[in-house]
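Letter by letter, the chains look like this.
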Amino acid sequence: MADSFNDAHLRLVTKECLPLGSGDRLPVIVLLGPDGTDREVCLTRVWRSVTRPESPRVRVDFRLPGLRDAPVVKTVERIAHDLMETSSVRLPRVVFALHVLALDPRDRSDNELAGELDDLVDGGDPERLSDALSLLRDLLGRIPGAEPLAALTSVLQYAARGQRRRVVRLLNDKGRTWLAAQMANGNVIDLARRRDGRGGDPSGSAGAILCRALVADLTDSWSKSHRHARSCLLLLEGAETAAGRALLRALGPAKGADPLLVVAESKEWLPMGGSWARPGTVVPGAAHPPTLAEASYRDWRAGYDAREQPWWYPVLMPPLEADRSRAYASAVRELTGGHPAVTRRLGRLAATAQDDDAFRAVVCREDLLRWPDRLHLAHLDELTDWAAARNVDDAESALLKRAGRTPNLRNELADLLWLDRRPEERDPHGRYEGARDPQVTVIHPWLRRLLLHRLAVTGRWDDVHGDLERFHLGPGGEENPRSLHHRLARVGRDDPEGHLTHVAGHLHRLFDRLDVREDGRSRLPEWLAGFNEVTTAPNRLPLVTPLDELYDSLVATAVPHERGDWLVVVRALVVDRWFWLDPLLDPSGSRAEQVARGLRDLARRSATSPAILLREADRYERRR
């Protein structure tokens, strides 16, 4: 199966942003997608792509133990250590601010704290410094390029004499001077009193000031020409954690024309102001995030001045494109909605399938539709019911009363990146082509498939689809394609309740009623649109039953077409298209030929416009 992204998808970071120098604005890129969408893989590829020549880079994984809830100060301290240890970047403003934050301001005057700070900066009593701060001082005082000579005694002696003076000079000349300018009264001790969140304005918090120090240090370092081949790269894994959110909340406003490129990944939507809308939602005036393949520096820069928080650039991880050389690639892609992890797994398993029943057997044997233990969703029972609806709007309108309460399920799914927008109506062949209006919000195809399977397992399938059927009935209780859509969904093997017979009978009668011309135009396109809507219904037909046996249980009693029983023709046509639209009922897509044959048979029935049905049959034959 093909990669979910290729080298072109890394263009935004490695080709467009990283080569920019000091003075350019750089975004905070957030790669978004549910678990299994290759966010971490993308970060790894970016990390590996900037090694030749080596350039400053840091990677923080907030999902590791001890980092999920780390305060901003500790995170910046870690970033400073890794950056100075692996590159020639020096961060005196950050290190000085950390000296201030090492003070304990409780029950102490500013004069006392100022004296202690002077002692800490001078390094006269190393025992008073924490291990982390001592290490940062060592890294700050290191002479770039001197490491290969460290074995020479004279160099070691020189380093020991000069390092302390160099550190003190950098901390005072750059660190203290900068921090004094940041404080309203010039008193650097105020920072120590803000360590625990005191200080009112979030922009004046210790974390926010420390982030501004980091950006200022980087800007100063990159102002010296030819020192660095690329911008500084900060990769953040698990940005949805408390620590990740806190860092980005403090770091974003600190950015301007600086050389820091932040690339974060998150499995949840992050607060990004009102200029960006969550996938699957509509916010007036807000833009929708592009996919990784569509994203570009030019796109981000074009909207910079108009955005509420201009540093953000949310980017959606792309679906996995099907490897057309593999067996059942189209069925796999249709079934999973391109979810990368599942698509790869099913693609490997399906590669050995010899026929459609073998493909179905793989899905059944591996229990791929069982609800994953690792997938935790609040209000799971309510969401399971929602999967039966055509879209989220229908679910909200028809099903919320079932729960006896009204949880905001739309927001929950949007925050977890499981929503999408698509045209309300499918094209004549059940596909969603282009971006035609109106658009509706839908659940991601793979999550919906899992929820539908769970709905069938829990035994609520008939009840939920029955509620939806009644919801879509007309004002006088008249049936229509949307209500019949849910009637067809309730069909089981052998159709013991007669639901298929009912649907076929309605469409048969509707055909006769619409096989007329009004104002010189045929009304048969209305019948086709209704037929198409009905046959997009989901199903709970068993995977363990061979397809031919399953199909025969629904249409085998049909009278041969030549006897003129057009109801039988319509019934078979309904089953053929219903099967064809589900990759688990027609993995090879071979029933397109039978749909075409049924339409040609039905054209013989039309008294006014057989050409319309014949042209529709031609379209199905071209899809084979």
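Predicted model only: the values in this text are computed from it and were never measured. (Residues numbered from 1 in each chain as written. Predicted model: local features only at pLDDT ≥ 70, side-chain atom pairs only at ≥ 80, totals over all residues. Heavy atoms only, no water.)

Caption draft 1: Local environment of the packing of aromatic side chains. Counted according to the given criterion, the structure contains nine aromatic pairs. Taking 5.7 Å as the distance between ring centres and 45° as the angle between the ring planes, the aromatic pair formed by Y297 and W300 counts as tilted. Of the two residues, Y297 and W300 both sit in helix α11 (residues 297-302), three residues apart, roughly one turn of that helix. Assessed through its relative accessible area of 16%, Y297 is described here as buried. When the centroid spacing of 5.2 Å and the interplanar angle of 5° are considered together, the rings of W527 and F531 count as stacked. Note that W527 and F531 are positioned in helix α22 (residues 524-534) at a spacing of four residues, about one turn of the helix. For the pair shown, W527 and F531 are each scored as buried. (Phe/Tyr/Trp six-rings, centres within 6.5 Å; stacked < 30°, edge-to-face > 60°. Helix = DSSP H or I, 4+ residues; strand = E, 2+ residues; numbered from the N terminus. Buried < 20%, exposed > 50% of the residue type's maximum accessible area, 1.4 Å probe, protein only.)

Caption draft 2: Local environment of helix α23 (residues 547-555). All buried positions along α23 are accounted for by L547, L550, Y551, S553, L554 and V555. Here the buried face of α23 lies against α14 (356-365), α21 (499-514), α24 (566-580) and α25 (592-603). (Contact = heavy atoms within 4.5 Å.)

Caption draft 3: Focus on the sheet that holds strand β5 (residues 312-316). Reading across from one edge, β2-β3-β4-β1-β5 is the order of the five strands in this open sheet, with parallel pairing throughout. Sheet topology places β2 (57-61) and β5 at the edges, where each strand pairs with a single neighbour. Taking each pair of neighbouring strands and ignoring which way they run, the sheet shows an average axis angle of 15°. With five bridges connecting them, strand β1 (residues 28-32) and β5 associate as parallel partners. (Pairing = 2+ DSSP bridges. Axes fitted to C-alpha atoms, helices over the stretch in contact; angles between N-to-C directions.)

Caption draft 4: Spotlight on the pattern of salt bridges. As enumerated under the stated definition, the model contains 50 salt bridges in all. For R39, the salt bridge identified is with D35, shortest N-O distance 3.6 Å. Given the relative accessible area of 0%, R39 is considered buried. A relative accessible area of 38% places D35 in the partly exposed class. One network of salt bridges, with partners in common, ties together D35, R39, E40, R63, E240, E265 and K267. (Salt bridge = Lys/Arg side-chain N within 4 Å of Asp/Glu carboxyl O.)

Caption draft 5: Spatial organisation of α24. With 15 residues, α24 should cover 21 Å at 1.5 Å per step; its first-to-last C-alpha distance of 21 Å lies within 8% of that length. Of all 15 residues that make up α24, 14 are buried, and the element is covered over most of its length. N-cap assignment for α24: the residue whose side-chain oxygen lies 3.2 Å from the backbone N of L567 is D565. (Expected span 1.5 Å × (residues − 1). Polar contact = N/O pair within 3.5 Å; in protein donor to acceptor, adjacent residues only side chain to side chain.)

Caption draft 6: Main features of the layout of surface pockets. Within this model, the second largest pocket holds a volume of roughly 560 Å³. Along the walls of the second largest pocket sit 24 residues, with D35, P372, R374, L375 and L450 positioned nearest its centre. Contributions of two or more residues to the lining of the second largest pocket are made by α13 (340-350) and α18 (445-458). In terms of residues, the lining of the second largest pocket owes the most to one element, α13, which gives three residues. Residue classes in the lining of the second largest pocket are distributed as twelve nonpolar, three polar and nine charged. (1 Å grid on protein atoms, 1.4 Å probe; cavity = no way out; pocket = protein on both sides within 12 Å on 5 of 7 lines; lining within 4 Å. Points joined across faces, edges and corners; volume = space filled by probe spheres on them. Nonpolar A, V, L, I, M, F, W, Y, C, P; charged D, E, K, R; others polar.)

Caption draft 7: Looking closely at the confidence of the model for the protein chain. When the pLDDT values of the protein chain are averaged, the result is 88; 89% of them are 70 or greater. Put simply, helix α7 (residues 153-182) is where the protein chain has its lowest mean pLDDT, 78, and β1 is where it has its highest, 98. In the model, residues 146-156 has pLDDT below 50 throughout and makes three contacts with residues more than four positions away in sequence or in other chains. (pLDDT = per-residue confidence, 0-100.)

Caption draft 8: Summary view of the pairing of strand β4 (residues 260-266). Within β4, seven of the seven residues are buried, which leaves it mostly tucked inside the rest of the structure. Along β4, one buried face is formed by L260, V262, A264 and S266 and the opposite face, lined by L261, V263 and E265, is buried too. Note that β1 and β4 share five bridges and pair parallel. Residue pairing for β4: V30 is matched across the bridge by A264. For strand β3 (residues 232-237) and β4, the ladder comprises six bridges, and the chain directions are parallel. The partner of L233 across the bridge, within β4, is L261. In this view, the connection linking β3 to its parallel neighbour β4 by way of helix α10 (residues 242-251) has right-handed handedness. (Right-handed = clockwise from strand over helix to strand, strands pointing away.)

Caption draft 9: Fine view of unusual backbone geometry. Of note, D38 is a non-glycine position whose phi angle comes to about 70°, a positive value. Here D38 shows up in the loop between β1 and α2 (39-48). Of note in the backbone geometry, D519 takes a positive phi value of approximately 55° without being a glycine. With respect to the helices and strands, the residue D519 is situated in the loop between β8 (517-518) and β9 (521-522).

Caption draft 10: The arrangement of empty space enclosed by the protein in detail. For the structure shown, the criterion picks out three cavities of 30 Å³ or more. Of the voids in this model, the largest cavity is the one considered here, and its volume is about 60 Å³. Every residue lining the largest cavity is listed: W386, A387, A389, R390, N391, V392, A395, R422, V442, I443 and R448. When residues of the lining of the largest cavity are traced back to their parent elements, those giving at least two are α16 (392-403) and β7 (439-443). Looking at the lining of the largest cavity residue by residue, the class counts come to seven nonpolar, one polar and three charged.

Caption draft 11: Fine view of the environment of V555. Examined against the element boundaries, V555 turns out to sit in helix α23. Distance from V555 to R571, taken between C-alpha atoms, is 7.2 Å for residues 16 residues apart in sequence. Excluding anything up to four places from it in sequence, V555 contacts R571, A572 and V575.

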